[in-house]
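Read off the chains here:
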Amino acid sequence: RWGVVALLVAASCGGVDEELPRLDLIGEAVAAVVADTGGDPALFEVLADREGVTVTVAETEIDTDSGDVTGRFARSYRFEGGELAEPTEPVPAEGAVFAASAVPSLDAAVASGVREALDDPTIVDLAISGAPDGAVVIDLTVISDMGGRILVLVRPDGTVLGVQAD
């Protein structure tokens, strides 16, 4: 009987690595935003932390008469506990964007290079942001026991591409 209970508990956990941001929710969060906005929205950022995922959508304001772009805005959605919260009010924004369909599928392997290079790293979040060419950039925010903070640029397979002090 206890074996069945243990199996059910393990299955309900879904293999989530509690030492990592909620990578398991990224796909679900982006899908929920796509369903809410319709189409394939341009994104400024997808940020996974240990509780959920924030998806920041790029919105463009266009003059209906001239067709000219009159402004660019960001609106953030929070996905947590299986639900998408109402978006924030739009705020003026600039920066590189990427299509929601370009968000890569990620798992714990994305942190493998950081875990190999550092002793017991604390990874507090993972951000997917846009590059000028429309590609995606992935970085992990890592903090140390001494209070230091670095950003580690990685590939989806965990290969470390660079490190920057934050």
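The structure we're discussing is the one just above.
Asker: Looking at this model, I keep getting lost on the overall build of the chain. Mind explaining?
Answerer: Within the chain, the secondary structure is distributed over three helices and 10 strands. Once the C-alpha set of the chain is aligned to its principal axes, its extents read approximately 70 × 40 × 25 Å. A burial count over the chain gives 32% of its 166 residues as buried. In the chain, 50% of the contacts between residues at least 6 apart in sequence involve partners at least 24 apart. Summed over its atoms, the accessible surface of the chain is roughly 9,700 Å², and 53% of this surface lies on carbon and sulfur atoms. Positive and negative side-chain charges in the chain, numbering 9 and 30 respectively, have mean positions lying 7 Å apart.

Asker: Teacher, can you tell me more about unusual backbone geometry here?
Answerer: Positive phi, normally seen in glycine, also occurs at D120, with a value near 50 degrees. Tracing the sequence through the fold places D120 in the loop between α3 (112–117) and β7 (122–130).

Asker: It is not clear to me how the side chain of R75 should be interpreted in this structure. Could you clarify?
Answerer: Counting through the fold element by element, R75 comes out in strand β3 (residues 69–80). Owing to a relative accessible area of 18%, R75 belongs among the buried residues under this scheme. Separated by 3.3 Å, the side chain of R75 and the backbone oxygen of T88 make a polar contact. Those residues in contact with R75, other than ones at most four positions away along the chain, are V55, T56, V57, E59, P87, T88 and P90.

Asker: Would you mind going over the pairing of strand β10 (residues 160–165) with me for this structure?
Answerer: For a regular strand, side-chain orientation follows a simple rule: the groups alternate between the two sheet faces. Direction of pairing for strand β9 (residues 149–154) relative to β10: antiparallel, over a ladder of five bridges. For V154, the partnering residue across the bridge sits in β10 and is V160. From the end of β9 to the start of β10, which pair antiparallel, there are five residues, and G158 there has a positive phi angle of about 100 degrees.

Asker: Whenever I open this one, the side chain of S76 confuses me. Can you help?
Answerer: With respect to the element layout, S76 can be found in strand β3. Polar side-chain contacts of S76 include one of 3.0 Å to the side chain of T56. Leaving out residues up to four positions away in the same chain, S76 has contacts with T54, V55, T56, E86, P87 and T88.

Asker: I keep staring at the pattern of salt bridges and nothing clicks. Help me out?
Answerer: Following the criterion strictly, the structure yields five salt bridges and no others. Of the charged contacts, one joins R115 and D17 as a salt bridge, the two residues approaching to 2.7 Å between their closest N and O atoms. Of this pair, R115 sits in helix α3 while D17 is found in the loop between α1 (2–13) and α2 (26–37), placing the two residues 98 residues apart along the sequence. According to the relative accessible area criterion, R115 is partly exposed, its value standing at 32%.

Asker: Looking at this structure, how should I read the pairing of β7?
Answerer: With respect to burial, β7 is a largely interior element, seven of its nine residues being buried. When strand β1 (residues 42–48) meets β7, the two strands line up antiparallel, connected through four bridges. The residue of β7 that forms the bridge with E45 is S129. Hairpin connection, β7 to strand β8 (residues 136–143): the antiparallel pair is bridged by five residues, and G134 has positive phi, about 90 degrees.

Reading guide: rules and limits
Residues numbered from 1 in each chain as written. Predicted model: local features only at pLDDT ≥ 70, side-chain atom pairs only at ≥ 80, totals over all residues. Heavy atoms only, no water. Helix = DSSP H or I, 4+ residues; strand = E, 2+ residues; numbered from the N terminus. Buried < 20%, exposed > 50% of the residue type's maximum accessible area, 1.4 Å probe, protein only. Contact = heavy atoms within 4.5 Å. Areas by Shrake-Rupley, 256 points an atom, 1.4 Å probe, with all protein chains shown as cover. Lys, Arg positive; Asp, Glu negative; His and termini not counted. Charge placed at Lys NZ, Arg CZ, Asp CG, Glu CD. Polar contact = N/O pair within 3.5 Å; in protein donor to acceptor, adjacent residues only side chain to side chain. Pairing = 2+ DSSP bridges. Salt bridge = Lys/Arg side-chain N within 4 Å of Asp/Glu carboxyl O.

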